[in-house]
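An overview of the molecular structure
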Amino acid sequence: MKEKFYSTLREHFVKLETRLNQLDAVIGDGDHGTTLLKGLTAISNSKLPPAKAFRAETGGASRSLFSMLVGAIDEAIDNSSNFGQILSDAVKKISTIGDAKEGDKTMVDALVPAAKAALEKPIDALKEASIASKTGASKTIDMAARKGRAKYVENGGVGHIDPGAFSSSEIITFLYNFDRLENEKTL
């Protein structure tokens, strides 16, 4: 099941690569989609655990921060009933390493509400996390960046969605949809 998940997640990000690069070009260095796709491709081509394979092939902030999200997703595939706690633990690490908090216009803005929603409604954790992550990512449009390259852009990138928040939300939503479809097949 994991192999299928990562293969289809990679295909999803093949379709998103250009869009993510465009989002990142406005407030960053323009390679966010390419970097994520590189890491997701490495997962499919490696015998290493997914988080390590992702980290081994990517660079910049994505290397550590997104590898932690990948690690949480990997753990949740095996244990979706604990998704809220798994994601919450990963978000704490991501926040610490990235020195970011909610409101800084980073991936944390999608992940914090997702983790909270998953903890509050464990029966529908993946669905609630998906919804909350999309809302959190959308809120970054009106935020001025306080972290990362976006803080150096005019007005801190106000008016543009944070690519890391957007892609984090895409990963969580993809997990929810994948899990839902897999469960429907077993019924």
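Provided above is the structure to which this section pertains.
The structure contained in this document is the topic of the report that follows.

Criteria and cut-off values
Numbers given for residues are sequential positions, taken from 1 along each chain in its written order. It should be noted that, the model being predicted, local features are given only for residues of pLDDT at least 70 and side-chain atom pairs only at 80 or more, the latter also being counted only at that level, while totals for whole chains, interfaces and linings use all residues. Water and hydrogen atoms were dropped before computing side-chain values, which therefore reflect all heavy atoms in the structure. Runs of H or I in DSSP of at least four residues are treated as helices and runs of E of at least two as strands, each being numbered from the N terminus. Residue burial is assigned from relative accessible area. The probe radius is 1.4 Å, only protein chains are included, and a residue is buried under 20% of its type maximum, exposed over 50%, and partly exposed in between. None of His or the chain ends enter the tally, which takes Lys and Arg as positive and Asp and Glu as negative. Salt bridges are defined by distance alone: a side-chain nitrogen of Lys or Arg within 4 Å of a carboxyl oxygen of Asp or Glu. Two residues qualify as a contact provided that any one of their heavy atoms is within 4.5 Å of a heavy atom in the partner residue. Here an axis means a line fitted to C-alpha atoms, over the contact stretch when the element is a helix, while the angle between two N-to-C directions is reported on a 0 to 180 degree scale. Convention used here: angles under 35 degrees read as roughly parallel, angles over 145 as roughly antiparallel, angles from 65 to 115 as roughly perpendicular, and any remaining angle as oblique. Three residue categories are used. Nonpolar comprises Ala, Val, Leu, Ile, Met, Phe, Trp, Tyr, Cys and Pro, charged comprises Asp, Glu, Lys and Arg, and polar comprises the others, including Gly.

Our next topic: the side chain of E128. Within the secondary structure, E128 sits in helix α7 (residues 125–139). Notably, E128 is buried but unbridged: the nearest opposite-charge side chain belongs to K121, and the N-O separation is 4.3 Å. If we skip the residues at most four places from it in the chain, E128 touches A117 and K121.

What follows deals with the packing of helix α4 (residues 60–78) against helix α5 (residues 83–98). Closest axis-to-axis distance for the α4/α5 pair is 9 Å, and the angle between their directions is 170°. Classified by the angle between their axes, α4 and α5 sit roughly antiparallel to one another. Between α4, through L65, M68, L69, A72, I73, E75 and A76, and α5, the contact on the second element is made entirely by F83, I86, L87, A90, K93, I94, I97 and G98. Here the residues of the contact of α4 with α5 sort into twelve nonpolar, one polar and two charged.

Bringing the pattern of salt bridges into the picture now. In this structure the tally under the stated criterion is ten salt bridges. Salt-bridge contacts for K147 lead to D99; the nearest nitrogen and oxygen are separated by 3.2 Å. Here K147, found in the loop between α7 and α8 (163–186), pairs with D99, found in the loop between α5 and α6 (108–120); they are 48 residues apart in sequence, far enough to count as distant. Accessibility expressed as a relative area gives 25% for K147, which makes it partly exposed. The class for D99 is exposed, based on a relative accessible area of 54%. Shared partners join several salt bridges into a network, and the residues in it are K2, D74 and D78.

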